[in-house]
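# Observations on the three-dimensional arrangement
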Amino acid sequence: MKQSILISGSGGQGVISAGILIAQSAADSGKYASFLPEYGPEQRGGSAKATVLTSDTEIISPLPKKCMYWLCMNEQSFKKFGSQLKEGGVLVYNSNRVVSPITRTDITAIPVPSDQLADQIGNPKAANIILIGALLAARKAIIDPEHFLHSLEEKFMSKSEEIREMNAKAFKIGAEIGSKYDE
Amino acid sequence: MKQSILISGSGGQGVISAGILIAQSAADSGKYASFLPEYGPEQRGGSAKATVLTSDTEIISPLPKKCMYWLCMNEQSFKKFGSQLKEGGVLVYNSNRVVSPITRTDITAIPVPSDQLADQIGNPKAANIILIGALLAARKAIIDPEHFLHSLEEKFMSKSEEIREMNAKAFKIGAEIGSKYDE
Amino acid sequence: MAKILMKGCEAVAEAAVRGGCRFFAGYPITPQNEIPEYLSRRLPEVGGHFVQGESEVASVNMVYGASTMGIRAMTSSSGPGISLKAEGISYLASCKLPALIVNVSRGGPGLGSIQPAQSYYLQATKALGHGGFRVMVFAPYSLQEAVDLTYEAFEYAERDRNPVFLLMDGCLGAIMELVELPEMKEPTDENTKKWNLSKKEGEKRPPRALTPIYPEVILEMENKLRGELYKKWEKEDVKVEEFMTEDAEYIVVAYGIAARVAKEAVLTLREQGCKIGMIRPITLYPFPKQSFHKLDYDKVKAIIDIELTIPAQMRDDIALEVMNRAPIFEYGRSGGNLLDDDGVYDAIMKVIKEVG
Amino acid sequence: MAKILMKGCEAVAEAAVRGGCRFFAGYPITPQNEIPEYLSRRLPEVGGHFVQGESEVASVNMVYGASTMGIRAMTSSSGPGISLKAEGISYLASCKLPALIVNVSRGGPGLGSIQPAQSYYLQATKALGHGGFRVMVFAPYSLQEAVDLTYEAFEYAERDRNPVFLLMDGCLGAIMELVELPEMKEPTDENTKKWNLSKKEGEKRPPRALTPIYPEVILEMENKLRGELYKKWEKEDVKVEEFMTEDAEYIVVAYGIAARVAKEAVLTLREQGCKIGMIRPITLYPFPKQSFHKLDYDKVKAIIDIELTIPAQMRDDIALEVMNRAPIFEYGRSGGNLLDDDGVYDAIMKVIKEVG
Amino acid sequence: MATEYKKIYQRPYAIMPVMSGYCPGCLHSLATKIIAEAVEELGQQENAMHVLPVGCAALGLLYWRGDMVGAAHGRAPAVATGIKRCCPDRLVFAYQGDGDLAAIGLAEIISAANRGEKFTVIFANNSTYGMTGGQMAPTTLIGQKSTTSVYGRSVDEAGYPIKMAEIIAQLEAPAYVARFALNTPKGVNEARKGIKKAFRMQLEGKGFTFIELLTNCPTNWGMSPLKSLQYMTENTMKYFVPGVYKDVEVEA
Amino acid sequence: MATEYKKIYQRPYAIMPVMSGYCPGCLHSLATKIIAEAVEELGQQENAMHVLPVGCAALGLLYWRGDMVGAAHGRAPAVATGIKRCCPDRLVFAYQGDGDLAAIGLAEIISAANRGEKFTVIFANNSTYGMTGGQMAPTTLIGQKSTTSVYGRSVDEAGYPIKMAEIIAQLEAPAYVARFALNTPKGVNEARKGIKKAFRMQLEGKGFTFIELLTNCPTNWGMSPLKSLQYMTENTMKYFVPGVYKDVEVEA
Amino acid sequence: MKIQINDKLCKGCEFCIAFCPKKVLKLQSERGPKGYFIPYLTDNDGCISCGICATICPDGAIEVFKEVETDG
Amino acid sequence: MKIQINDKLCKGCEFCIAFCPKKVLKLQSERGPKGYFIPYLTDNDGCISCGICATICPDGAIEVFKEVETDG
Ligand SMILES: Cc1ncc(C[n+]2csc(CCOP(=O)(O)OP(=O)(O)O)c2C)c(N)n1
Ligand SMILES: Cc1ncc(C[n+]2csc(CCOP(=O)(O)OP(=O)(O)O)c2C)c(N)n1
Ligand code: SF4
Ligand code: SF4
Ligand code: SF4
Ligand code: SF4
Ligand code: SF4
Ligand code: SF4
Ligand SMILES: [Mg+2]
Ligand SMILES: [Mg+2]
């Protein structure tokens, strides 16, 4: 199966690291994976976008026109990339920043107040992991959530116990929301 | 008539200024003229070469393979450009520096101890004018010597009387030698 | 060895180290920063040297210095920085010094955009600097290919005593995908010891000079030899992928990231029964001329040049080989806007419809 | 006006001043030194500005600054210096700034030789810098032509908002011959006042920006417009001399000094009854494609590309138009060795014998 | 008698009424603001000619209100030279980062200063290449970490942070050379006055003027904005000492 | 008892037994000679690595005997950086003219000095671009004529002659910085000693060393060789004052 | 209010809070429209209109007012 | 002779002449093989073998000798 995930937001929101986490986790599970970031000149506040592809066979083009899944972290990118989500796709979005109404009816939209939730667990930087949690719980075929949690643990191996727990917690908070949309 | 004059020597010997003088004088007399210098990277002592063409019609190529006349100021360039004088041509050379024997028999060779003569009139820099004097006196068809003397005077108009006289004197010393070869 | 997920720039940097690179000098510029960043950590580990130059100009000249000592040396940059290295690259070629120059390309001209583009084809293949010299230009389309080409690059550079140029579009520099890294090569000056200026402890040999100054006769001879070298490349060193070209009625020509997107389109179209294939130059110079000569022009209805740049830059090179035997179309994006599967598919379909 | 005997570089410098140039920045390099030297005296006389830059890099960027103010500005250099200006030229193109860049060419690559050569054809016509932009390249073959082209250059540059490149080989820079100088034009910012940043005393207008930064969409659009501009040049702005080509069986192609030497040979051969002619590109870019399309290939037995460089650089451009309809031969000298009448004559004769 | 509120401070007109592109707490934003103030205090809005660098300050393109030119990386002093020579009456100033000015553009800044070009250069020294993601700059402090010196800048590999104000001040031609730190309100006020003085001296034709502003890069330093100000006090300012390094008006 | 002649001075081995390409009386020739002597006195003939500039000193290619690299114009310090980092045991020195070092190569020399690269730069300052025919250099004296300043260098147009030794000495990293004039036997002897000291310090790994040599250009100054020496005494040395500007051995 | 903070310009750097001599500024607990936490004036009377917050505000987000007595 | 001047290296700059403390050097009246006027030692006894001429000679054209007493 070929999976495509679009991630968008502004610089500093963790678009890039979210993408790498997903790609790495897919690779860990023996899949082919590609991750392609695109960003603007600003270090913070500019727009950031990444595309993650995972597949059981070799990935030819890393530049699909549309993706099946979309993690959207801010309003600006929501407006910009709206057309890049496939019909029948899943949009997981940061409902604290995406304020426009979701008008597409051909997709599943999962609002996640990820900024707020992240603030609540005292780790504003983990908002991206919350969104990943929501997506993976809603569509387990992308990557098994358990497997992802394992990769997450590995990735932050060198960091403090506290950080690792915080990440896991963030993921689970997201997963809880996402699981309601599990098909 | 098309005339071609090769001038060669080492940097600092006045190769360039000799060429310009001849070209300017030809131009003054209403002819087409071109002057093309070539030199090495050294400011002094390196090799210097110039080609002057004069013609009653427009000059197409300024790069003849061989010239009819050759003012040769030193040994090094004598060895280098020997083959660039046409059959039947005239070689006027500084016999103080050109020490190799002149072996070509298809040309007219005019030895002029120009360094020594220039030193004698107290103007070592005028050696090139001495050589021009010899050439023009030997082959008046190139430029009328009187006309050249006039151009020379004009050219140094802004310089002192003394310099102008010195130049004229140098020209005449050379012309005296050259006139013996007048055909 | 297992495949690991790596970032494009880092994979290339590691491949260079494994290929024997022991000196890097460079200057920050997006999208190649991960190369110097990685090497600043990595080179000291293997006894190599990393210098952050004060500029691209200085950096390429540091590489020039290192190369005279027989050290495998490299620099990397992008667009504006490569332009600044133009004089230095010309000097490398003129002094017959091997080196690897990596250009992770972005949109141009001028400051352009830091987003990926393939806007340096003409500069890379025709004139990286003044004087009519050429360099081999490698244009990988996957990280694995980038790694393999980088690993080999020094061998070519030393064989030819000429710099080698790796042209990666920004997508490849930024992408993460799976690669298998080659074995570590021990650095050796086997290929350069006849001319390099290094001296082993206590070694005595006649003095050597490596300078850009040649007397006219020698310079002419060297230029003739250069001309012959370039011809030899065309005969012996072309790298190309010919993909489903045998029976093709439509030939896509693309390199680097454009070729990946195009390949996807070719595959889709094949599934739909369209006889389409792709010629993918891997060496942009020498250009894979033979691949075009081999085509059966009774069959070929159109050639479609797909590049991540506008106006197209490779077209004339294609046209020179196709020699009017088939019409050539072009499609591209530019300015940091990317190609995508659908866009390329549509562009090809448009040609197919037009040509019939 | 009477014709006067002038040095190549000085004639061009004077023509620039008469064409309205009021700013020059440059750096010494043989064989173009007489241009800055002349202008250092001449510009102040007409209220213009001469700056000796600390480098070629600085100089081209000074010109960039002056040009933003609507001042006709120019720089000049040779080979290595032009390479150093590559980034700046790309910026000029990117910011759509007019300017005149003069390259009095010498032998290359690298430091090369200070003697004349035509070794910068590819750089001038294909890639003066990164990003795929092009500039008009004028290649005069006589001082009169050099003067006339220089005089016109600013008009083209301002019309197109793009730098213009004058490629003179070292011979033309150094030669003295007779020229007639054009009238002095009064400097005006008529063509640039819509966008330039200057302000008349007390003038108020909305702020203006001239920068190399463009959003992606605009950059793509600008690149498309550039592509169209280049196509328009090909249609409207080609300058070429077709000399005795009508009935020709042999066509010499040459520009600049090579064309002068070749013309002499053509004349000689015509005298001997040989049907030979010459195509002389005056604009190297846009290349005079039509001149090749017009040829009667039933007659033409051979095309002979004569350049003062080795390996030949113009050949592919010729081949792209000739499209296999006649064989192409090449002859050249390089490294500071000059072409001469006899050498060119012999080379042509060799081809004639070979082709029959 | 009633109480009303009278506006005593507002954002200067010469910056656009939009959020700047700089990171939160980035002093480029502050520098831009005080330059705008100095320009306005001198009534030079119409006359100012801003030469932008390559670096984060290029974002000024969307922020500054007034005539602007974008220069190639490091070449702002050359571009300004072309401009000022042709239009000597304009108030011309180049704004440059430390990668821009003290690395790639070292020849251009020193040469322009040495020629005594009659414009102003404002040099924002944040000890790093901000825009490209935090590589070591010539101004990076000893021991300071960067993406190309992960264990901190070492003297042996990279020498000492380069003191541009001191170098420029030592040249004959410059008229006014000073360094200010933007990490306190006091520093900001002094800097604004310094910039204004430099501009005034330029308009009076007194010669080349140079203002070094110590700034920060919270993003690439990996610190909160507030922490970065403290870092400046404890480290940056110890090495790059603020002060007036040359002033021909005082000497005279 | 008979009288015999014992040779007490001969031309150093490290220059070829041919006439140099320099003009009569050009002090480049003399500089080359004393560098060769210093190399020999330290027994470094085999170990020396000479980085040549673009400028008249490029003629050293046909004159110097030993390993040599020709650098692009102004880039000798960058080239030397590449060499010295890879081969730290070699005695590496770059020789540069004033156009080369103080104009186009200003960024390279200051950056290399500031990084404290452990090689030696010998800077031949003749106040002009010799090889290209005598244009104004950043080191041309006020009022001195050149082909691009025919009425003499003016402060207003071109600022003041740049004092490289002073600038380099002000940086932290350099270990030894001195200026000598080659127009008297005394100056020549001091210069040779200075060069030797710089070389020794380099071999001892003490850091960057810089020697400025005041030289002449009789050809482009339009003077006889002897006149040019006198000009140096009366003009050059007044502005470019010889002396030791930095010496970590003395400071220590 | 003696100061006004524009929540479309403020990036929540907290400089104003740190330098306010009267310590009358504090971050709001909710994010503003651009996702940043914006400060607010906790005590209008405590504010002395000194303008220090505005001086140090990098983004020119603060306007300062002075109370003046008017006749109206 | 206490000094020897190599006429293939000397370019006649006259530095040696100018700096010789004993004024025992003078230009020959005829040009040497390279076209330059070469100095010669006018007074071998007057020369003190101080080497100053050699020191200042840019072109290393001068060798200096010292008289030594030998037993032979
Ligand atoms: C010739 C060239 N080299 C490199 C770059 C990449 N680049 C963009 S900004 C920048 C430097 C930023 O550092 P600095 O000047 O200190 O500005 P800051 O962002 O820190 O304010 C660099 C190297 C470029 N655009 N052009
Ligand atoms: C990039 C570049 N620019 C310019 C030149 C031309 N050029 C050759 S030598 C030289 C400078 C000579 O001056 P200087 O460095 O002072 O050396 P000098 O000849 O005076 O000893 C220049 C500008 C060049 N070769 N390369
Ligand atoms: S990256 Fe650094 S310098 Fe650039 S805007 Fe952000 S904080 Fe400022
Ligand atoms: S031109 Fe000047 S610097 Fe060059 S060799 Fe002659 S005298 Fe020396
Ligand atoms: S004006 Fe002064 S007292 Fe009032 S909030 Fe601002 S800094 Fe505090
Ligand atoms: S200083 Fe300005 S930007 Fe920072 S928090 Fe205060 S108001 Fe907001
Ligand atoms: S050795 Fe001394 S005394 Fe003898 S000639 Fe030379 S300078 Fe004069
Ligand atoms: S100093 Fe040397 S080169 Fe000059 S005249 Fe004396 S011997 Fe000849
Ligand atoms: Mg910075
Ligand atoms: Mg010099």
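Each partner contributes residues to the interface: chain E has 29 residues there, and chain D has 33 residues. Between chain E and chain D lies a buried interface of about 2,300 Å² when both sides are counted; carbon and sulfur atoms form 64% of it. It is Glu46(E), Arg85(E) and Cys86(E) in chain E that bury the most area against chain D; as a group they hold 22% of the surface buried on that side. Put simply, Lys199(D) and Asp67(E) hold a salt bridge, and the shortest N to O gap is 3.8 Å. Connecting chain E to chain D are ten residue pairs in polar contact (both at pLDDT 80 or more). Secondary-structure elements contributing two or more residues to the side of chain E that touches chain D are strand S3 (67-70), helix H2 (76-86) and helix H4 (106-115) of chain E. In terms of residue count, H2(E) provides more of the side of chain E that touches chain D than any other element does, seven residues in total.

On to the interface of chain D and chain C, then. Contacts between the two partners involve 53 residues from chain D, matched on the other side by 53 residues from chain C. A buried area of about 4,600 Å², summed over both sides, lies between chain D and chain C, and 61% of it is on carbon and sulfur atoms. Ranking the residues of chain D by area buried against chain C places Pro109(D), His130(D) and Glu220(D) at the top, with a combined share of 14%. Of the charged contacts, one joins Glu220(C) and Arg333(D) as a salt bridge, the two residues approaching to 2.9 Å between their closest N and O atoms. Contributing elements (two or more residues each) for the side of chain D that touches chain C: helix H4 (79-84), helix H5 (86-94), strand S6 (113-116), helix H6 (121-126), helix H9 (216-236) and helix H12 (315-322) of chain D. It is H9(D) that contributes the most residues to the side of chain D that touches chain C, nine residues altogether.

Attention shifts here to the sheet that holds strand S4 (residues 62-70) of chain G. In spatial order, the strands read S1(E)-S4(G)-S1(G); together these three strands make up an open sheet with antiparallel pairing. Edge positions in the sheet fall to strand S1 (2-9) of chain E together with strand S1 (3-5) of chain G, since each of these pairs with one other strand and no more. Averaged over all neighbouring strand pairs, the angle between strand axes comes to 30°, with direction disregarded. Judged from the three bridges that link them, S1(G) and S4(G) form a sheet pairing that is antiparallel. Bridge pairing links Gln4(G) to Glu63(G) in S4(G).

Our focus in this paragraph is the relation of the copies chain D and chain C. The two copies are related by a screw operation: chain D maps onto chain C through 180° of rotation and 0.0 Å of translation along the axis, at an RMSD of 0.0 Å. Those values place the two copies in the arrangement expected of a two-fold rotation axis. The fraction of interface residues of chain D whose copies in chain C are also interface residues reaches 100%, indicating that both copies meet through the same surface.

All names here are of chain F. Here the magnesium ion (ligand 10) is held by Asp98 (OD), Asn126 (OD1) and Thr128 (O), and the distances to it run 2.0 to 2.1 Å. Of note, the donors binding the magnesium ion (ligand 10) are all from one chain and are spaced D-x27-N-x1-T. Of this pair, aspartate 98 sits in helix H3 (residues 98-104) while asparagine 126 sits in the loop between strand S5 (120-125) and strand S6 (128-129), and the two are 28 residues apart along the sequence. One exposure class covers both aspartate 98 and asparagine 126, and it is buried.

On to the nonpolar core. Ranked by internal contacts, the top residues of the largest apolar core, which has 328 residues, are Met164(E), Phe210(E), Met164(F) and Phe210(F). Setting aside residues up to four positions removed in sequence, Phe210(E) forms contacts with Leu101(E), Ile109(E), Val121(E), Phe123(E), Met164(E), Ala165(E), Ile168(E), Tyr176(E), Val177(E) and Ala178(E).

Right, let's talk about the packing of aromatic side chains for a bit. Tallied over the full model, the rule gives 38 aromatic pairs over all chains. Here the aromatic rings of Tyr27(C) and Tyr129(E) are separated by 5.3 Å at their centres, their planes lie at 85°, and the arrangement is edge-to-face. Remark: Tyr129(E) occurs in strand S6 (residues 128-129) and Tyr27(C) occurs in the loop between strand S2 (23-26) and helix H2 (34-45); the pair is interchain, linking two chains. Of the two residues examined, Tyr27(C) and Tyr129(E), each falls in the buried class. Note on Phe138(D) and Tyr156(D): the rings are 5.6 Å apart at their centroids and 75° apart in plane angle, and the pair reads as edge-to-face. With Phe138(D) in strand S7 (residues 136-138) and Tyr156(D) in helix H7 (residues 143-160), this pair connects stretches of sequence that are 18 residues apart.

Further remarks concern the site of ligand 2. In the region of ligand 2, 24 residues are neighbours, and Glu56(D), His28(F), Asp98(F), Gly99(F) and Gly130(F) sit closest. Nearby residues place ligand 2 at the junction of chains C, D and F. His28(F) places a polar side-chain atom, nitrogen or oxygen, 2.5 Å from an oxygen atom of ligand 2. One nitrogen or oxygen atom from the side chain of Asp98(F) is found 2.6 Å from an oxygen atom belonging to ligand 2. Against a free-state accessible area of 580 Å², the protein chains account for coverage of 99% of ligand 2. Going through the elements one at a time, H4 of chain D together with H3 and S6 of chain F are the ones with two or more residues in the shell around ligand 2. At four residues, the largest contribution of residues to the shell around ligand 2 is made by H3(F).

A word on the pattern of salt bridges. Two side chains that carry opposite charge are able to pair once their charged atoms sit near each other. Throughout the structure, instances matching the rule amount to 121 salt bridges over all chains. The shortest N-O distance in the salt bridge between Lys140(B) and Asp182(B) comes to 2.9 Å. With Lys140(B) in the loop between helix H4 (127-138) and helix H5 (145-155) and Asp182(B) in the segment after helix H6 (161-179), the pair connects residues that are 42 residues apart, well separated along the chain. With a shortest N-O distance of 2.9 Å, Arg205(C) and Asp67(F) are connected by a salt bridge. Of this pair, Arg205(C) sits in the loop between strand S9 (176-179) and strand S10 (209-210) while Asp67(F) sits in strand S3 (residues 67-70), on two different chains. Connected via shared salt-bridge partners are Lys197(E), Arg200(E), Glu204(E), Lys206(E), Asp247(E) and Glu249(E).

Each value, and the rule that gives it
Residues numbered from 1 in each chain as written. Chains lettered and ligands numbered in written order. Predicted model: local features only at pLDDT ≥ 70, side-chain atom pairs only at ≥ 80, totals over all residues. Heavy atoms only, no water. Contact = heavy atoms within 4.5 Å. Buried area = accessible area lost by both parts, 1.4 Å probe. Salt bridge = Lys/Arg side-chain N within 4 Å of Asp/Glu carboxyl O. Polar contact = N/O pair within 3.5 Å; in protein donor to acceptor, adjacent residues only side chain to side chain. Helix = DSSP H or I, 4+ residues; strand = E, 2+ residues; numbered from the N terminus. Pairing = 2+ DSSP bridges. Axes fitted to C-alpha atoms, helices over the stretch in contact; angles between N-to-C directions. Least-squares fit on C-alpha atoms with pLDDT ≥ 70 in both. Donors = N, O, S within 2.8 Å, 3.2 Å for Na, K, Ca; no water. Buried < 20%, exposed > 50% of the residue type's maximum accessible area, 1.4 Å probe, protein only. Core = buried A, V, L, I, M, F, W, Y, C linked by side-chain atoms within 4.5 Å. Phe/Tyr/Trp six-rings, centres within 6.5 Å; stacked < 30°, edge-to-face > 60°. Near = heavy atom within 4 Å. Areas by Shrake-Rupley, 256 points an atom, 1.4 Å probe, with all protein chains shown as cover.

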